[in-house]
Amino acid sequence: MLGRQITVFIAVGCTAFFGTVVAFSPNFIMYCAIRFLLAASVMGLYFVAFVCATEYVGPSKRTLVGVLMADAFALGYMLLAVLAYFIRDWQTLELIISVPVFLLFAFIPLFPESARWLLTRGDIQKAKPILEKAAKCGKVTIPLSLYDQADSIKIKNPEKDAENEGERAPSYIDILRYPNVRWRTLNMMFNWFVNNMVYYGISLSTASLGGNEFVAAFCSAAVEIPAYTSSLFVIEKWGRRVPLCVYLVVGGVACIATIWIPLGAWRITVAMIGKFSLSASYGVVYIYAAELFPTPVRSIGLGLCCMASHLSGIVTPMILSLGLVIWAPLPLLIFGVLSIIAALLALLFPETMGQPLQETMEESEAFGKKKEARRGTKTNL
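Draft legend 1. Up close: a nonpolar patch on the surface. A cluster of nonpolar residues, Val 242, Val 246, Val 250, Ile 273, Leu 344 and Leu 347, forms a patch on the protein surface that exposes about 480 Å² of accessible area. Examining the composition of the nonpolar patch, we find that three residues originate from one element, helix α13 (residues 241-258), more than from any other. Among the secondary structure elements, Leu 344 is positioned in helix α16 (residues 330-346).

Okay, structure coming up:
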């Protein structure tokens, strides 16, 4: 295991490199191959950075951090629409958005390793300076019992366990071994699958809503900022589970309602309501997933959710094509029905608002089963 910090900057390098190289693709096959590697790099960068961000802060700030990252994504989306409007040559556009990524290497000294991840590996000596610096910046005192708590919940170094006790490091298998964690993971993967499918389904079909395609893409991106920002206040007041359900239902109903609205301003308005709801639910599901997976497999769990979401990215264009060969409103109907199904399944998740991140697989398995189990495993980490 390389750790969060090294992984982030490997992904930065791959993103910058493949993003630059793809502009010089000699043919379509090479273009597709490099774009595949670029997509893997970009998503790896975003997800590991997201995991780091949620692990850097406590329960009271996790929502804020998650929403700020989502807002940054939306700003990039808006900027891309503006750049594409003025730069119609795709190779020039690719270079303009990829070369500046190399500048992120300048932030290496400012990007610490996750202290939480270090503690799960038993590297308390490496975690101490990071925690002390954070405590100094926050003008707080580190509780003397912090490292005792780490010992009390048996936060172990997986590699040392593998060597000394014959145990293997946490992996995808561990997620499958625990029934409660397994069901929760499959449900979360389905939610990501649907969120991504409907999100990109609406995004890719903005041009068909009527009006200028660049303006439609910009508006589609702009609506995400108030969506993500509103979700900050909503999930801090009403938790994660119910708002996720409501956002998905509203998004699904908006998709279905769009079927009977003619092209023009009203159809764009209803579609943007759907996009608003799906964007907000996307923001919630990122935070929710990071809170539901325990620290040893948090990156792995988010990786599985990422895989599920991108499988839907493969399927979405095929669903959109059904509107051309079978029935024009069929894609919107599929998006709407799946959104409502995902909304109902979201009600089966345990609530995580105000709860500490789970540190072990056993703790995660017990989470949501019994109130007493949660109380018995709480920690300030």
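Draft legend 2. Spotlight on the pattern of salt bridges. If you walk through the whole model with that rule in mind, you get six salt bridges. A salt bridge links Arg 35 to Glu 94; the nearest nitrogen and oxygen atoms lie 3.4 Å apart. Here Glu 94 lies in helix α4 (residues 90-98) and Arg 35 lies in helix α2 (residues 28-56), a separation of 59 residues in the sequence. A relative accessible area of 34% places Arg 35 in the partly exposed class. Here Glu 94 falls in the buried class, since its relative accessible area comes to 8%. In this structure, the salt-bridge partner of Arg 298 is Glu 55, at a minimum N-O distance of 2.8 Å. Taken as a pair, Arg 298 in helix α15 (residues 298-325) and Glu 55 in helix α2 lie far apart in primary sequence, 243 residues in all. As far as the burial class goes, Arg 298 and Glu 55 line up, both buried. Put simply, Arg 4, Glu 55 and Arg 298 are held in one network by salt bridges that share partners.

Draft legend 3. Structural view of the packing of aromatic side chains. One pass over the full model with this rule turns up 17 aromatic pairs. With a centroid separation of 6.3 Å and an interplanar angle of 20 degrees, the aromatic rings of Phe 28 and Tyr 31 are classed as stacked. A residue pair is termed a helical-turn pair when its members lie 3 or 4 positions apart in one helix, as Phe 28 and Tyr 31 do in helix α2 at three residues. You can call Tyr 31 partly exposed: its relative accessible area is 25%. Centroid distance Tyr 85 to Phe 86: 5.0 Å. Interplanar angle 85 degrees. Geometry classified as edge-to-face. With relative accessibility at 65%, the residue Phe 86 sits in the exposed group. Three or more aromatic residues link up through ring pairs in this structure, and these residues are Tyr 46, Phe 50, Phe 73, Trp 192, Tyr 199, Tyr 282 and Tyr 286. In this structure, Arg 88 packs its charged tip against the face of Tyr 85, placed 5.2 Å from the ring centre. Over the ring of Tyr 199 we find Lys 275; its NZ or CZ atom is 4.8 Å from the centre of that ring.

Criteria and thresholds
Residues numbered from 1 in each chain as written. Predicted model: local features only at pLDDT ≥ 70, side-chain atom pairs only at ≥ 80, totals over all residues. Heavy atoms only, no water. Patch = residues over 30% accessible without salt bridge, like charges linked within 9 Å, V, L, I, M, F, W, Y side chains within 5 Å. Areas by Shrake-Rupley, 256 points an atom, 1.4 Å probe, with all protein chains shown as cover. Salt bridge = Lys/Arg side-chain N within 4 Å of Asp/Glu carboxyl O. Helix = DSSP H or I, 4+ residues; strand = E, 2+ residues; numbered from the N terminus. Buried < 20%, exposed > 50% of the residue type's maximum accessible area, 1.4 Å probe, protein only. Phe/Tyr/Trp six-rings, centres within 6.5 Å; stacked < 30°, edge-to-face > 60°. Lys NZ or Arg CZ within 6 Å of the ring centre and 35° of its normal.

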